[in-house]
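Spelled out, the chains give:
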Amino acid sequence: MSSHQPAPSTSNQAWGGRYSEGPSAIMQAINASIGFDRKLWRQDIRGSLAHAAMLKHVGIISADDEAAIRDGLNQIAAEIEAGEFTFSEALEDIHMNVEARLTERIGEAGKRLHTGRSRNDQVALDMRLWVRDAIDGIDGQIADLMRALVDRADEHAATVMPGFTHLQPAQPTTLGHHLLAYVEMLGRDRARLADCRARMNESPLGAAALCGTGFPIDRHMTAAALGFDQPMRNSLDAVASRDFSLEFLSTATICGTHLSRFAEEIVLWTNPYFGFVKLSDAFTTGSSIMPQKRNPDAAELVRAKVGRIAGALVGLMTVMKGLPLTYGKDMQEDKEGLFDATEALALGLAATAGMVRDMQPDGARLKAAAGAGFSTATDLADWLVRELRLPFRDAHHVTGRLVAKADAKGIDLSGLSLEEMQAEEPRIHNGIYSVLTVEASVASRTSYGGTAPVNVRRMAGEWRERLK
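The residue numbering used here restarts from 1 in each chain and proceeds along that chain's sequence as written. Local features in a predicted model are, by the rule used here, given only for residues with pLDDT of at least 70; side-chain atom pairs are given and counted only at 80 or more, and totals for whole chains, interfaces and linings are based on all residues. Heavy atoms throughout the structure, all of them, feed into the side-chain values; hydrogens and water do not.

**Student:** Hey, could you go over empty space enclosed by the protein for me, with residue numbers and the actual values?
**Tutor:** Regions of empty space are outlined by a rolling probe, equal in size to a water molecule, passed over the atoms. Detection works on a 1 Å grid of protein atoms alone, calling trapped sets that fit a 1.4 Å probe cavities and calling open sets with protein on both sides within 12 Å along at least five of seven lines pockets, with lining residues defined by an atom within 4 Å of a point. Grid points are joined across faces, edges and corners, and a volume is the space filled by probe spheres set on the points. Tallied over the full model, the rule gives one cavity of 30 Å³ or more. Along the walls of the largest cavity sit Leu-145, Leu-149, Tyr-182, Leu-186, His-258, Leu-259, Phe-262, Thr-352 and Val-356, which together make up its complete lining. Those elements that provide at least two residues to the lining of the largest cavity are helix H8 (119-155), helix H9 (175-200), helix H12 (243-270) and helix H14 (336-358). Counting residues per element, the lining of the largest cavity draws most heavily on H12, which supplies three residues. Working definition: helices are DSSP H or I runs of at least four residues, strands are E runs of at least two. Numbering for both runs from the N terminus.

**Student:** Give me the pairing of strand E2 (residues 168-174): which residues, what numbers.
**Tutor:** Where strand E1 (residues 160-165) lies against E2, six bridges are found, and the strand directions are antiparallel. Residue pairing in the sheet places Gly-163 in a bridge with Gln-171 of E2. Hairpin connection between E1 and E2: a loop of two residues separates the two successive antiparallel strands, and His-166 in this loop has a positive phi of roughly 60 degrees. Should DSSP find at least two bridges between two strands, the strands are regarded as paired.

**Student:** Outline the layout of surface pockets, supporting the account with residue identities and numerical values.
**Tutor:** Put simply, the largest pocket is a space of about 390 Å³. Lining the largest pocket are 18 residues; nearest its centre among them are Thr-270, Asn-271, Pro-272, Arg-294 and Pro-296. Among the elements of the structure, H12 and strand E5 (277-278) are those that each provide at least two residues to the lining of the largest pocket. Take the lining of the largest pocket: its biggest share by element is three residues, from H12. What the second largest pocket holds in volume is close to 220 Å³. Forming the walls of the second largest pocket are Gly-163, Phe-164, Thr-165, Ala-170, Gln-171, Pro-172, Thr-173, His-177, His-178, Glu-265, Arg-445 and Thr-451. At the level of elements, E1, E2 and H9 are the ones that each hand at least two residues to the lining of the second largest pocket. Of the residues forming the lining of the second largest pocket, the biggest block, four residues, is contributed by E2. Three residue categories are used. Nonpolar comprises Ala, Val, Leu, Ile, Met, Phe, Trp, Tyr, Cys and Pro, charged comprises Asp, Glu, Lys and Arg, and polar comprises the others, including Gly. Its residues assigned to classes, the lining of the second largest pocket shows three nonpolar, seven polar and two charged.

Right, dumping it as structure tokens:
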């Protein structure tokens, strides 16, 4: 065999060219996080302002230094907001980028800002503030989607449609009741977000690198200034834990799954073979070759987003699962997936709310489908129990035989003659026909949480009040 080694391929050179300068270039590239943690700049500056105010309050820095730091940080915030700030990969992260610019602006006073803290508690603080802000934003979006669903549910409280189990026709329901099912799911998502926010609302600032600090800092002051309930009680836990991000991502994954289930239904409902609803051009796309197509791309993309959200959850759990206390640079990988998942969920919520407001149900098509597949069979069995006092199991058997008879003739249950029904149960009378319409079926389901239009309107009203 030849000992000659082939030259690197062009593609390998293209991918590896960035690191051709050797170990220092590789280390800088893998170590730097400024490419993504710049998203934390607002939280970083907010935390530093609170920290500086506390340092002045306890006498660690002078009032003049604190004033200079405050003015400098506010000026840096304005620079970043205006797109005039130059982020440097050589300075690794958002913390050092801001601090270096602050020192450049105000001199020695800028170097005093980091007294009594570490980048470990600083980044833990920034992440908690960022996740808390994200929760507040996502919560508002979920509430908006719920309001959209409630409005359409009230509008279609009596619009009959098929209810499915195993994606087979089961019993008639109403579109309003169906939409309110998602309101309930989303309501639980909001509750989970509220729980997550309450649990994470403790400040890690002042934990320093891992063991606290010998400076006479006031952690309760900074916690209150930043809207936290209290400081975290253990400095090791403060810098080592990212369970607040995991809990948020878990909740986001559940919420994304709810959106995906609704999106799947939109995909089915807009298919001409279903024909239950139509979406306008605002939420569909055409085909480059088939002029008749109207593809529910918005719904399909919402359906796909949960893959990214769940992937972020699994990714962060995998990063954290083997880390001994306290901080490891592995934890730098806690951000990109979190940022991406939050953006994906926010976009999915916005698109879903848009589709809910945009969709136009076809009432006639929904009603016709609601009566297919002998969907009133349960109503027939219930009638036999109520009117003839048959044991339910016997009523079930009688109904099954009637369904088989109607199926063999290719007709609905209501198409069977009274004589044909009496051949299976002689006591059946004309009253049976009153329960064999889809309207009668849904109207009869008045039990709490049932599909009766009166229930749907009442529940829509309750949700509307709760969402004010």
